[in-house]
Every structure is written in structure tokens, then in C-alpha cells.
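# Chains, contacts and geometry: an overview
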Amino acid sequence: MPLVVMTGVASGYGAARVLHDVELALAAGSVTALIGRNGVGKTTLLRTIMGIRPLDAGTMIFDGGDIGRLPPSARARAGIGYVPQGRHIFPQLTVAENLETGLSALGPRGKARAGVPDHIYDLFPKLAMIRGRKGGLLSGGEQQQLAIGRALAGAPRLLLLDEPTEGVQPNVVQMIEAVLLKVRAEFGLTIILIEQYLDFAWSFADHYAVMDGGRIVRQGDTAAESAADVAHLVRI
Amino acid sequence: MELLLGQVFNGFSVASLYLLAALGLALSFGLMRVINMAHGEMLMIGGYLAYLTLQVVPGPWRLVAALPVAFVGAALFGALIHVVLIRRLSARPLDTLLATWGLSLILQQGARSLFGAIGVEVTAPAWLDGGISVLGIELPAVRLFIIGVAIAVLAGLALLLSRTRIGLLVRAVNQDRMMAAATGIDAGRVDLVVFALGTGIAGLAGVMLALLGPVTPTVGQSYIVPAFLVVVMGGLGSIRGTVAAAVILGLVGSLAQISVDASVAQVLMLVFVILFIQIRPEGVVANKSRALDV
């Protein structure tokens, strides 16, 4: 049974409809690369899954339950982790405090837990070294690690990643890739990844879905087609 | 010289009242961008709760009992206002202004019906009689007590925001409401806690006012205007700025009274704030990120 099933999903910004009739099903433990040109609705789709944008039409089922009307905090507690575009680090909170906010997704378990779990610092040793530094003072790569660590602190089952390699230097991209492979293997995470950098996406995605005009226009397995085969679909 | 020192001391004691009255406004504006026009009535409720506590609790330390009663009572009332009114009008600031203004009129009339138009007296206990003589000036114990309560509230608030889990959640919601919700934080519940905390502190301010004069249905009105001035001058939601602005305005008002009477001093204070925000529109502490500093 799929972990996520979206049927006829429509969403947007007021009168401006961005998503039209999106159909997508994600098997538990799968990684799906969501690709497409700028402005086709990829980020809006992730924001709609997270509950930040309203679901104007359609249904959204997560783990057998309808989450379409739940607020973002309830979706986070249901097991959805979000790493947004632009990272949205809390600038005045320290690295450790940023990570602690992620524990809120655990509900009462998060309240009971004191401090940041060790496995987050094990995944991102750099964050352990700078745990007392304010989030707003970190470099782009450090902020990206923090944003992913914060989402993982809530022990999600579905992780939404919006361009994790954007503005990040190559060695950090490799590190993020290694971490994502590791958490996927260890925790069986289901991941939706928006990524312009197709080689990165193909390095660990099982499936791809191409968006255009607010719809998913093509889907397939990354094993069956190479990144080069679909590159023309995302080129401006 | 003694007159000057005496007025500086008075300035700090008035600043303490301004601070207690303004902290709740600053907290709720900083977090929710909500202006609660009924905030002055939370002071009034605190004052009447102190009066009622002193009617039923015997002994010299009954004033100490009145502090938690006023805090909890006003906080619960604030929570009720948030649930019934503020939450339902979120993202409609003008409607919130009008609704809370209407509520303030209802609460004033309610107090008039319950306690009468003439004020009730809260007699300060014997241990607050007299004062301490420092450098030849007499510092009244009541005013020292008010300054002490304000410092304790401020220290408690700073500890709450910087050291506790709820404080962490408040700061997270304040800095990025969308992301806070996406990490699982129930921002609505955080709003409720902060609003109730702010009204609870206003309730404490009401007890302090009751020590200085009669509690009347409009007792909060005389302090709500300076409290709004403090919040505006402090940088709209900054705690550090609110403290600085309360001290500055307390001193300006008090020192002006060396040469003019109290009414003219109020006018001078208003003129001072107008000039100040002309020169520094962002307030004492600029709060560009909307981050609650502590």
C-alpha cells in the first residue's frame, strides 16, 4: 500500500491556481525526484503536502489517513518532515535550538526529550562543532545541513526536500547525498526531492515525476531512463 | 540635588509600572501583531482581584497572596479573550482593534455594575509603610516594592524565554511562523500562552496600581496610553526596547515634574515620543527580524 496518495490535487495562491489535478502515489521507502522548469508548481506541491498552501480540490492520503484539512503542525506530527527552499532557519536561535524545534514533531515524546538526539550530530558532525552559533550566522552549506537535521530530529516517515543542493558547494552536496542515502537505508524514509541538479537526483531517486503547467506530465523509474534522457524536459 | 534624586527614583518607580503595563502589549504585538485595546482593563481586573483577595485572606502577607491571584485571574481572562475573540479575528487587525475596544467598554461597565463607580481601596500592608533613607532622600517602601516586582517579572520573563521549552517555541514562532508550524509547533497554542502571559503581567500591574490609589473601573485607562507609547518607542515588540523605553519615559515624565505640574509633564512626554520617533522611527531597539530578543 502506498504511503502517500494524491488524487486530483489543486492548490494555489488566492485566485491564482498553480496546481491542477495532480495525481501522485509514493510507495513507502521510495525516493521520488520531482523535476521541471521554474514556475511549474514543484514548490507549491510540496507546500500543499505540508499544509502550508490550502488544498483547494482533491484528496491527500498519508499512511491511510486523510490529511487534506490538517494544519501543518498536525502533518508534521503525523510524520512529514519539511526542508523548504531557502532553508528557513530560525536566525536568532542557536544550531542546537533550531534542532530542538524539530523535536516538536514528536509530540509529547519531543517534550519529554531533553536536548538534541545524538544521531543528528552523528549525521552532521559539523553541527555539533557549532551548536552554540546563531542560525543566521551560518554559511549556506551549514544552514542546509541544519535544515535537514531539524527535519530528521522529528523522526519523519516522509521527507520533503526542496532543492537541498541550491547554493551549496560541491563537497557539501556530496555530504548531503551521503547522509540522505544513510537515513534512507537506516530508517526506510520515503522522500520527495525537488532538484534541478539531475545527476544528484538520479544518484539516489528510484522514481522521477516531471511537472509542467501545474500537472505531473510524466513519471518513470530512474533505473529505466538516465538523467540525460529527461534533461530536455526540464531545460528552459 | 535631593529633589533631582527623588524625582529620578520616582521616575524608576513609574517606569516599573509602565513596564508591567506594556510588557503584555509588546509580547502580543511582537508575536501576533495584535493590538489589544482591552489591555488596560486587564490592569483593572488585577486591581479588583487584589481588592477581593484582601477581603478574604487574613494576615499581614495577604498582599503576597494577591499577586498570584491577580496574575492567574487576569491570565485566564486573557486566555478566554484570545479563544473567543482574538483567534477568530486573526489576520483582521482593524476588526481586532474595534472588537477589543468594545470589550474594554463592556468590562468597564461590568466593573461599574459590580463594584460601583467610586473606587475601592486596597490598603498597603504595614510592612510596606515607611521607607528607606538613602543620600538624604526618603525612598517609600511601596515604590521599592513595585520596582522589585517589575525586576522580578522581567527576570522571570527573560528566563522563561531563554531557558524553557515554551520559551524556545515562542521565539521560533516569532521568527518564522510558517517554518515553526512545519516543524510541528502548534503556533495557535503558543499565541494563546503568550497572550495569557501578557494579560497576567498586566494583572500584576493592576495590583501595583492598587497600592498607589483607588481601583476604579477606568484605572487601566490612565496607564494604557503611556503603555502604548512605551511599546511604540521600544520598537514594536522588542522586550529589550520596551524596558529601555519604559525607563526613558518614566524618567522624562518624572523629571519634567520638577518644573511643571503632572498634566503638563504628560504632554511633554507625548511631545518627547513624537520627536523621538521622528528621529528614530524604528524605536529604541530596531526589530527588523521580528525576533523576540531577551
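Residues numbered from 1 in each chain as written. Chains lettered and ligands numbered in written order. Predicted model: local features only at pLDDT ≥ 70, side-chain atom pairs only at ≥ 80, totals over all residues. Heavy atoms only, no water.

## Looking at the packing of helix 1 (residues 2-32) of chain B against helix 8 (residues 187-212) of chain B
Residue and element names in this part refer to chain B. Between helix 1 and helix 8, the shortest axis-to-axis distance is 8 Å and the interhelical angle comes to 165°. By the angle between their directions, the pair helix 1 and helix 8 is classed as roughly antiparallel. Seen from above, helix 1 lies across helix 8 with left-handed handedness. For the pair helix 1 and helix 8, the contacting residues are Leu17, Leu20, Ala21, Leu23, Gly24, Leu27, Ser28, Leu31 and Met32 in the first and Val190, Asp191, Val194, Phe195, Leu197, Gly198, Ile201, Ala202, Ala205, Met208, Leu209 and Leu212 in the second. For the contact of helix 1 with helix 8, the class distribution of residues is 17 nonpolar, 3 polar and 1 charged. (Axes fitted to C-alpha atoms, helices over the stretch in contact; angles between N-to-C directions. Helix = DSSP H or I, 4+ residues; strand = E, 2+ residues; numbered from the N terminus. Parallel < 35°, antiparallel > 145°, perpendicular 65-115°, else oblique. Left-handed = near helix turned anticlockwise from the far one by under 90°. Contact = heavy atoms within 4.5 Å. Nonpolar A, V, L, I, M, F, W, Y, C, P; charged D, E, K, R; others polar.)

## Points about the environment of alanine 227 of chain A
All names here are of chain A. Checked against the element boundaries, alanine 227 lands in helix 10 (residues 227-234). We classify alanine 227 as buried; its relative accessible area is 10%. Ignoring sequence-local partners within four residues, the contact set of alanine 227 consists of Leu198, Asp199 and Trp202. (Buried < 20%, exposed > 50% of the residue type's maximum accessible area, 1.4 Å probe, protein only.)

## A closer look at the UniProt feature "transmembrane region" (unreviewed entry) in chain B
Residue and element names in this part refer to chain B. Here, the residues flagged by UniProt with the feature "transmembrane region" (unreviewed entry) are residues 12-31, 38-57, 63-86, 98-120, 140-161, 192-212, 224-251 and 258-279. The distance from the first to the last C-alpha atom of residues 12-31 is 27 Å, and the span holds 100% helix and 0% strand. In residues 98-120, helix accounts for 78% and strand for 0%; the two terminal C-alpha atoms are 29 Å from one another. (UniProt positions renumbered as here; feature names shortened; annotations may be inferred.)

## A short note on the nonpolar core
Ranked by size, the top nonpolar core spans 115 residues in total, and within it Leu45, Ile49, Leu158 and Leu160 of chain A together with Met208 of chain B carry the most contacts. Beyond its immediate stretch of four places on either side in the chain, methionine 208 of chain B contacts Leu17, Leu20, Leu67, Phe145, Ile146 and Val149 of chain B. The next biggest cluster of nonpolar side chains, apart from the first, holds 48 residues, and it includes Ala33, Val83, Leu103 and Ala201 of chain A. (Core = buried A, V, L, I, M, F, W, Y, C linked by side-chain atoms within 4.5 Å.)

## Details of unusual backbone geometry
Residues and elements named next belong to chain A. Within the chain, arginine 87 stands out as a residue other than glycine whose phi angle is a positive 75°. Mapping arginine 87 onto the fold places it in the loop between strand 6 (80-83) and helix 3 (95-102). Overall, arginine 87 belongs to the buried group, its relative accessible area being 13%.

## Examining helix 11 (residues 262-279) of chain B
Residues and elements named next belong to chain B. Here helix 11 contains 18 residues, and its C-alpha end-to-end distance of 26 Å stays within 8% of the 26 Å for a straight helix at 1.5 Å per residue. Check the buried side of helix 11 and you find it contacts helix 1, helix 9 (221-234) and helix 10 (239-256). In this structure aspartate 261 caps helix 11, since a side-chain oxygen of it lies 3.2 Å from the backbone nitrogen of serine 263. (Expected span 1.5 Å × (residues − 1). Polar contact = N/O pair within 3.5 Å; in protein donor to acceptor, adjacent residues only side chain to side chain.)

## Here we look at the side chain of glutamine 143 of chain A
Residue and element names in this part refer to chain A. Position of glutamine 143 relative to the elements: it lies in helix 7 (residues 140-153). Given a relative accessible area of 15%, glutamine 143 falls into the buried group. If sequence neighbours within four positions are ignored, glutamine 143 has contacts with Arg87, Ile89, Gly135, Gly136 and Leu138.

## With respect to helix 2 (residues 39-56) of chain B
Counted at 1.5 Å a residue, the expected span for helix 2 of chain B with its 18 residues is 26 Å, and the 26 Å between its end C-alpha atoms agrees. In terms of burial, helix 2 of chain B is largely enclosed, as 14 of its 18 residues are buried.

## Details of the sheet that holds strand 5 (residues 65-66) of chain A
Residue and element names in this part refer to chain A. Spatial strand order, 2-1-4-5: 4 strands in an open sheet with antiparallel pairing. Unpaired on one side and paired on the other, strand 2 (16-27) and strand 5 mark the two borders of the sheet. Note that strand 4 (residues 57-62) and strand 5 share 2 bridges and pair antiparallel. Across the sheet, the residue bridging to phenylalanine 62 is glycine 65, located in strand 5. Contacts from helix 1 (residues 42-50) reach strand 1 (2-13), strand 2 and strand 4, with the element oriented near 115° to strand 1. (Pairing = 2+ DSSP bridges.)

## Concerning the interface of chain A and chain B
On the side of chain B, 20 residues touch chain A, which itself brings 24 residues to the contact. Summing the contributions of chain A and of chain B, the shared interface buries around 1,800 Å²; its carbon and sulfur component is 62%. Joining chain A to chain B, the criterion identifies 1 salt bridge. Linking chain A to chain B there are 8 residue pairs in polar contact (both at pLDDT 80 or more). At the level of secondary structure, the elements contributing two or more residues to the side of chain A that touches chain B comprise helix 1, helix 2 (72-78), helix 3 and helix 4 (108-112) of chain A. Split into classes, the residues belonging to the side of chain A that touches chain B amount to 11 nonpolar, 7 polar and 6 charged. (Buried area = accessible area lost by both parts, 1.4 Å probe. Salt bridge = Lys/Arg side-chain N within 4 Å of Asp/Glu carboxyl O.)

## Remarks on the sheet that holds strand 9 (residues 207-212) of chain A
Residue and element names in this part refer to chain A. Strand order in the open sheet made by the 6 strands is 6-7-8-3-9-10, with mixed pairing throughout. Both outer strands of the open sheet, strand 6 and strand 10 (215-221), are each paired with one neighbouring strand and no more. Across the sheet, the mean angle separating the axes of adjacent strands is 15° when strand polarity is ignored.

## Quick look at the packing of helix 1 of chain B against helix 10 of chain B
Between helix 1 of chain B and helix 10 of chain B, the least distance of the axes is 7 Å, while the angle of their chain directions is 140°. Considering how the two elements wind past one another, helix 1 of chain B and helix 10 of chain B form a crossing that is right-handed.

## Looking at the pattern of salt bridges
For the structure shown, the criterion picks out 10 salt bridges over all chains. Put simply, glutamate 97 of chain A and arginine 171 of chain B hold a salt bridge, and the shortest N to O gap is 3.0 Å. One end of the pair, glutamate 97 of chain A, is in helix 3; the other, arginine 171 of chain B, is in helix 6 (residues 165-175), on a second chain. A relative accessible area of 7% means that arginine 171 of chain B is categorised as buried. Taking the shortest distance from any N to any O, the salt bridge between lysine 126 of chain A and glutamate 142 of chain A comes out at 2.5 Å. Of this pair, lysine 126 of chain A sits in helix 6 (residues 125-129) while glutamate 142 of chain A sits in helix 7, and the two are 16 residues apart along the sequence. With a relative accessible area of 32%, lysine 126 of chain A lands in the partly exposed category. Taking relative accessible area as the criterion, glutamate 142 of chain A reaches 9% and is therefore assigned buried.

## Topic: the environment of methionine 1 of chain A
All names here are of chain A. For methionine 1, the position within the fold is in the segment before strand 1. Judged by relative accessible area, which is 83%, methionine 1 ranks as exposed. For the pair methionine 1 and proline 72, spaced 71 residues apart in sequence, the C-alpha to C-alpha distance is 24 Å.

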